[in-house]
Amino acid sequence: MTQTQFFSRGLESAKFVVNLDILQHAWTAIRDLCKETSQNEEPSSSVKSKVFDELPNCTIIAFFTWPANSKDYAQGKGGGDYVTSSTLENSFPLFNFLCTKDNPNFSINKPAFQLFSSINLPSLKSKIDNSKPLIITGNSLGGSVATLFTISLLEKFNFSTTKHPLCITFGSPLIGDENLQEAISKYAAWNSLFLHVVSDQDLVPRVLINGYQPFGTFLFCSKLGCSCFEDHQTILELLTATNSGTPENQDPNKVFESYGTFVKDLNRKVICKDTIDDESLIDLTTTPLRACIITQLAAIGLVQSQQQQNVDINISITKTEKRAKMMAILNQQAFDPTKGLNDIKVYMAYLEQYKKMSKEYEVGYYDKYKNGIDRSDIELVKHKKFLKCYWEKMVEQAEKMPQTVGASLRRTRTLYGGTNYRRMIEPLDIADYYKEGKHDYINQGRSKHYIILEQLLKETEKPSSGPNELKKENVASTLTEDSCFWAHVEEAHISCKLLSSGESNDMEKETNKLIEFENYVYGLMKNYAVSSEIFLLGSSFMAWWREYREIKGTFYSSRLTCLMNNGENYKEYAKGRLVIT
């Protein structure tokens, strides 16, 4: 069994930005924008922005708000002044992509949103150079604007081809409720884009704790040092526990300047040193994870020597340790579509081989599986189960993710794999369904993930005017395009039996259903969209044809019967030579 690894990605992220001077560049941009704004206007509640593209290794977009105005302005009506995504759906649809079926609505701090909506978005976005890393930064409410600006980029951001943006805020208040936090945090690639620097002297990050939830990584700073945390509940507790400033003794300008001091000091230190000065904090029986947490908390002044530690601190350490373990387990259990790719290829290859072998029985793979002809069907069940679990999970996760992430299923390679899976496995589910004596699979028995995969293909597939030569040549080995074909065959069988026995209460209805089935099959054949294995003597389709011909009699004529009454047409179809007009 693989041992769960406990580590902090946030800590590594913070070390990365410090070691590459990214934090220093971000703060310098804010400081320069502050100086430029101070020369041109009096303090106000507005937000200023500027693009810094002089650096050769990155582009920086900075947002600045006056520190003295941020606390009161952010609180609005007692901190409960929200704007909901549902109210913005039509007037400001920029964040609609975050909504999912499981999480359809979220709320954003209204003052922060008003500042964000006042900036010239098209102008700023036009200055982004996709060839260089993008740093988005801001202080106080300017940090809230930076966060919202970064979120606005995520809908059309291609993580596979473009360098990831990084949002760094200094003293920013929380901006949204738990639904916004869930929308961002559920997708690790998004959550990792946000680094929030918080001073123990700054009240602004702490004014919107009730009802608001954090996301991203938080870098807590004090005169003693700095530490990073990712768990949102731990962050909320630390925002309260590390607050050393009060409204009476706090100077907003000095707090603003203190961030520059922190950044300067970080360039000379390593975040959360591997060794700590006071060895009495940790004894030989302390687990590595607990020792790491104690070290982190000690770096921001929350842990003293063991002799001085009180019950509350020990409880806090224990709770943080449990949350770290839980996060590690959840990360390990999170569905990773790349983990099963090799197994999928193996199992699909087995199914292809099974399909080829089935022709030896003159029934095709649908009927071979349905009839359980030999022991190879037992192995097939195992492969079928794995593939179904994988694709059900894939579709489920895509449905839960924001629309941008869900759209990953539309990528050519993934959609191709999902389409092949659906066309190969759904017929086997249909066989199981009708073996149990059930009926109306399409409306009553079909799995949701098949429906979604089919719909995605229809949305991306180009209309076809008819079969090409390659499609005709490969019809003998290809899969029937409609994965519900055999459900239609089974329903046609049921209609035939009802007509033959006279048990139907509506004979005309059953007759019309069979005529519809005729037209359906003819349309598939005309487009070479059905596999030639349906013409094998022992197939359920040929069994239906014999039943139907007996019911209709030799004098009945239709487009399909004209094709089916000539056995040579089956061979010509399999060779791609049958001309159907």
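Heads up: these notes are all about the structure in this document. What you are looking at is a predicted structure, and each value in this text was computed from that prediction instead of being measured. In every chain, residue numbers begin from 1 and rise along the written sequence. Given that this is a predicted model, residues contribute local features only at a pLDDT of at least 70 and side-chain atom pairs are listed and counted only at 80 or more, while totals for whole chains, interfaces and linings are drawn from all residues. With hydrogens and water excluded, all non-hydrogen atoms of the structure serve as input to the side-chain values.

**Description of the environment of Tyr-528**
Thought 1: Along the polypeptide, Tyr-528 turns up in the loop between helix H23 (507-526) and helix H24 (540-552).
Thought 2: A C-alpha to C-alpha distance of 8.8 Å links Tyr-528 and Thr-480, two positions 48 residues apart in sequence.
Thought 3: Contact between two residues is taken to exist if any of their heavy atoms lie within 4.5 Å; hydrogens are not considered. In this structure Tyr-528 touches Pro-467, Lys-471, Lys-472, Val-475, Glu-572, Tyr-573, Gly-576, Arg-577 and Leu-578, once residues within four positions along its chain are discounted.
Thought 4: In terms of polar contacts, Tyr-528 uses its side chain to reach the backbone carbonyl oxygen of Leu-578, at 2.6 Å. Only DSSP runs of H or I reaching four residues or more are called helices, and only runs of E reaching two or more are called strands; each is numbered from the N terminus. Any pair of N or O atoms that falls within 3.5 Å is considered a polar contact. Within protein, one atom must be able to donate a hydrogen and the other to accept it, and sequence-neighbouring residues count only if both atoms are side-chain atoms.

**A look at the pairing of strand E5 (residues 134-139)**
Thought 1: Most of E5 sits out of view: six of its six residues are buried.
Thought 2: Only protein chains enter the calculation, and the probe is 1.4 Å; a residue is then buried if its accessible area is under 20% of its type maximum, exposed if over 50%, and partly exposed in between. Residues Leu-134, Ile-136 and Gly-138 of E5 are buried on one face, and the alternating residues Ile-135, Thr-137 and Asn-139, pointing to the opposite face, are buried as well.
Thought 3: Across five bridges, strand E2 (residues 59-64) lies against E5 in parallel orientation. Residue pairing across strands places Phe-63 opposite Gly-138, the latter belonging to E5.
Thought 4: Two strands qualify as a pair provided DSSP detects at least 2 bridges between them. When E5 meets strand E6 (residues 166-170), the two strands line up parallel, connected through five bridges. Note on E6: the bridge partner recorded for Gly-138 is Thr-169.

**Comments concerning unusual backbone geometry**
Thought 1: Of note in this structure, Ser-140 is not a glycine but carries a positive phi near 45 degrees.
Thought 2: Along the chain, Ser-140 turns up in helix H7 (residues 140-154).
Thought 3: A residue is classified by how much of its surface remains accessible, and Ser-140, at 6% relative accessible area, is buried.

**Quick notes on H23**
Thought 1: Helix span, as expected, comes to 1.5 Å for every residue beyond the first. In this model H23 runs 29 Å from its N-terminal to its C-terminal C-alpha over 20 residues, within 8% of the 28 Å that 1.5 Å per residue would give.
Thought 2: Taken together, the buried positions of H23 are occupied by Glu-510, Leu-514, Phe-517, Glu-518, Val-521, Tyr-522, Leu-524 and Met-525. With its buried residues spanning 160 degrees around the axis, H23 presents them on a single face. For H23, the exposed residues set more than 90 degrees away from the buried face come down to Glu-508 and Glu-516.
Thought 3: In this structure, the buried residues of H23 make contact with helix H22 (485-501), H24, helix H25 (559-564) and helix H26 (568-574).
Thought 4: Residue Tyr-528 follows H23 closely and has a positive phi angle near 50 degrees. Working definition: the arc comes from the directions between the helix axis and the C-beta atoms, pointing outward to the latter.

**A closer look at the sheet that holds E5**
Thought 1: Spatially, E1-E2-E5-E6-E7-E8-E9 is the arrangement adopted by the seven strands of the open sheet, whose pairing is mixed. Every other strand in the sheet has two partners, leaving strand E1 (48-52) and strand E9 (226-229) as the edge strands with one partner each. For this sheet the average axis-to-axis angle between neighbouring strands, irrespective of direction, equals 15 degrees.
Thought 2: Sheet topology note: the strand E7 (residues 194-199)/strand E8 (residues 217-221) ladder contains five bridges and is parallel. Within E8, the position partnered with Val-198 by the bridge is Phe-220.
Thought 3: The strands touched by helix H10 (residues 232-241) within the sheet are E7, E8 and E9, with E8 carrying the most contacts at an inclination of about 25 degrees. Helix axes use the C-alpha atoms of the stretch in contact, all axes being lines fitted to C-alpha atoms, and the angles between their N-to-C directions lie in the range 0 to 180 degrees.

**Observations concerning the packing of H22 against H23**
Thought 1: Put simply, H22 and H23 touch, their axes get as near as 9 Å, and they point 145 degrees apart. Note on packing geometry: the crossing formed by H22 with H23 is left-handed. In contact with Phe-485, His-488, Val-489, Ala-492, Ser-495, Cys-496, Leu-498 and Leu-499 of H22, H23 contributes Met-507, Glu-510, Thr-511, Lys-513, Leu-514, Phe-517, Tyr-520, Val-521 and Leu-524.
Thought 2: Among the residues making up the contact of H22 with H23, the classes are represented as twelve nonpolar, three polar and two charged. Helix crossings are classified by the rotation of the near helix relative to the far one: an anticlockwise turn of less than a right angle makes the crossing left-handed, while a clockwise turn makes it right-handed. Three classes are used: nonpolar for Ala, Val, Leu, Ile, Met, Phe, Trp, Tyr, Cys and Pro, charged for Asp, Glu, Lys and Arg, and polar for all others, with Gly counted as polar.

**As for the packing of aromatic side chains**
Thought 1: Aromatic rings from Phe, Tyr and Trp, with only the six-membered ring used for Trp, were paired whenever their centres fell within 6.5 Å, and each pair was classed as stacked if the ring planes differed by under 30 degrees, edge-to-face if by over 60, and tilted otherwise. Using the criterion set out here, one finds 37 aromatic pairs in the structure.
Thought 2: When the ring of Phe-194 is compared with that of Phe-215, the centres are 5.2 Å apart and the planes differ by 85 degrees; the resulting orientation is edge-to-face. Residue Phe-194 is located in strand E7, and its partner Phe-215 is located in the loop between E7 and E8; the two are separated by 21 residues in the primary sequence.
Thought 3: Using a relative accessible area of 0% as the deciding quantity, one classes Phe-194 as buried.

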